[in-house]
Amino acid sequence: MDIAISSKKFQAMSDMYIGRGKATRRAYGFDEIALVPGSVTLDLELCDISFGLGKHKFTMPIIASAMDSVVDVNFAAAMGKLGGLAVLNLQGLQTRYENTEQAYTEVVQCDNQSFVEVMQRLYAKPVEESLIKKRIQDIKAKGVLAAVSITPNLAEKYGPIAVAAGCDILIIQSTVTGLEHRSSTGAAGLDLVQFCKKMSVPVIVGNCVSYEIAYAMMEAGVAGILVGIGPGAACTSRSVLGIGVPMATTIADCAAARNDFAADHGKRPAVIADGGMVVGGDICKAIACGADAVMIGSPLARSHESPGRGFHWGMATPSPVLPRGTRIRVGTTGTLEQILNGPAHIDDGSQNLTGALKTSMATVGAATIAEMQMVEVVIAPSILTEGKVFQTAQNLGMGRS
């Protein structure tokens with residue numbers, strides 16, 4: 001899976017059909033692929049996993065999702081001080097309640113039959129612009145970068161407020177973000193080109209899954225794109241809407257768009273794989289498929305520093321019309337530093353994520369993220385079960401259910 005051979009002229013033609021008149025193609029998820037070592041191995045100390053976004057540089061290519069169960073002011077500070085980036089949801093509990101303690105208590109204490117209605121009620125409270133400013137300023141006061149997320153329909157309203165308050169990175173995010181929105185009322189959607197031009201900070205947009213949309217977003221002037229629809233642990237969009245592309249394929253497609261855009265324009269926006277990565281091996285595969293960085297939620301929701309108290313829920317769960325997420329119990333397994341940098345005390349790959357990435361890179365001979373993107377990838381649908389009969393039988397390691 002060499003993304004260097006991609007081309008804008010590539011046509012996803014296929015001789016596969018799901019029935020007469022409906023052509024298709026095969027797409028692959030992380031569980032169906034594996035990385036192949038080359039002829040060179042490296043010491044871990046030679047592996048550079050740093051990641052650049054606009055003028056900002058991070059020591060790890062890991063971004064915490066803009067989910068209320070993961071990121072608050074204190075978590076953003078902890079993540080930033082460890083060399084990563086955390087994104088605060090500007091339309092979540094943090095900007096609807098001055099004191100969020102009671103709101104979080106209600107979310108985590110309700111039962112599985114009532115949590116959607118509870119969250120719909122809690123999220124019905126209007127966003128307070130004063131809290132947008134306060135949360136951003138509180139993060140900045142901790143001495144780290146402030147990254148925030150807003151939906152496209154409110155980008156023009158909240159984006160300037162966030163920038164004025166001192167945010168460093170602005171993310172426009174929805175389940176699916178396109179370049180054009182058609183309305184029966186004639187109302188115009190967000191003009192992404194003009195929005196990027198007038199914002200004084202890097203703008204990241206998502207989510208998308210195709211080469212064409214990824215390339216078009218880059219032409220609009222974004223600093224990065226979020227790639228992935230519905231793979232998150234707490235997301236139900238694929239079930240509710242039937243929409244999505246397995247992550248290995250969609251990352252490779254969007255990475256091809258980035259490579260072609262860089263060749264055409266001399267600029268290289270970031271491709272950020274968003275969702276579906278639970279253990280270190282998933283992150284390694286995402287980068288090998290072409291991602292520059294990953295955005296994860298559930299692995300970080302298990303940290304002591306996350307505000308979700310061992311629970312994790314999707315961003316679209318509180319939708320008043322069509323909830324597309326759920327609340328799951330992930331437990332609390334360690335500190336944020338343990339989960340990111342180790343030492344790991346669990347054998348399932350959910351801790352020391354940066355150590356896993358460096359070890360994988362060292363094993364395949366990749367000294368940088370760019371080199372990791374060039375390693376050989378094979379289709380390997382049995383990779384998680386091959387030789388693991390005892391682990392499966394004893395519910396250990398890779399056999400955990």
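Going by the structure above, here's the rest.
All figures in this text were calculated on a predicted structure; none of them were measured in a lab.

A. Focus on a nonpolar patch on the surface. Judged by side-chain polarity, Val240, Leu241, Ile243, Val321 and Leu322 come together as a nonpolar surface patch covering roughly 410 Å² of accessible area. Its place among the elements puts Leu322 in the loop between β14 (311–313) and β15 (327–329).

B. Quick look at the sheet that holds strand β7 (residues 85–89). Pairing in this closed barrel of 8 strands is parallel, and the strands run β6-β7-β8-β9-β10-β11-β12-β13 around the ring. This sheet shows a mean twist of 25 degrees between the axes of neighbouring strands, independent of strand direction. Each of β10 (203–208), β11 (224–227) and β12 (270–274) touches helix α7 (residues 211–219); the most contacted strand, β10, lies at about 165 degrees to it. This element, helix α9 (residues 247–265), spans β10, β11 and β12 of the sheet and lies at about 170 degrees to β12.

C. Region of the structure containing the environment of Asp48. Along the polypeptide, Asp48 turns up in the loop between β3 (33–36) and β4 (51–53). Assessed through its relative accessible area of 37%, Asp48 is described here as partly exposed. Sequence separation between Asp48 and Ala370 is 322 residues, and the spatial gap between their C-alpha atoms is 9.9 Å. Among residues more than four places away in sequence, those in contact with Asp48 are Met361, Ala367, Thr368 and Ile369.

D. Just the packing of aromatic side chains, in detail. A full pass over the atoms with the stated rule returns 4 aromatic pairs. Aromatic side chains Phe51 and Phe58 sit 6.0 Å apart centroid to centroid with 25 degrees between the ring planes, which places their arrangement in the stacked category. Taking relative accessible area as the criterion, Phe51 reaches 4% and is therefore assigned buried. Classification of Phe58 by relative accessible area gives buried; the value is 6%. Note on Tyr215 and Phe261: the rings are 5.7 Å apart at their centroids and 75 degrees apart in plane angle, and the pair reads as edge-to-face. Remark: Phe261 occurs in helix α9 and Tyr215 occurs in helix α7; sequence separation between them is 46 residues. Note on Tyr215: relative accessible area 9%, which makes it buried. You can call Phe261 buried: its relative accessible area is 5%. By way of ring pairs, the aromatic residues Tyr211, Tyr215 and Phe261 are connected into one cluster.

E. View of the side chain of Ser360. The topology assignment puts Ser360 in helix α13 (residues 353–364). You can call Ser360 buried: its relative accessible area is 15%. The contacts of Ser360, once residues within four sequence positions are left out, are Leu35, Cys284 and Met372.

F. Spotlight on α7. Among all positions in α7, only Tyr211, Ala214, Tyr215, Ala216, Met217 and Met218 are buried. Of the residues one or two after α7, Gly221 is the one with positive phi, at around 110 degrees.

Calculation rules
- Residues numbered from 1 in each chain as written.
- Predicted model: local features only at pLDDT ≥ 70, side-chain atom pairs only at ≥ 80, totals over all residues.
- Heavy atoms only, no water.
- Patch = residues over 30% accessible without salt bridge, like charges linked within 9 Å, V, L, I, M, F, W, Y side chains within 5 Å.
- Areas by Shrake-Rupley, 256 points an atom, 1.4 Å probe, with all protein chains shown as cover.
- Salt bridge = Lys/Arg side-chain N within 4 Å of Asp/Glu carboxyl O.
- Helix = DSSP H or I, 4+ residues; strand = E, 2+ residues; numbered from the N terminus.
- Pairing = 2+ DSSP bridges.
- Axes fitted to C-alpha atoms, helices over the stretch in contact; angles between N-to-C directions.
- Contact = heavy atoms within 4.5 Å.
- Buried < 20%, exposed > 50% of the residue type's maximum accessible area, 1.4 Å probe, protein only.
- Phe/Tyr/Trp six-rings, centres within 6.5 Å; stacked < 30°, edge-to-face > 60°.

Taken by themselves, the reported measurements are silent on function.
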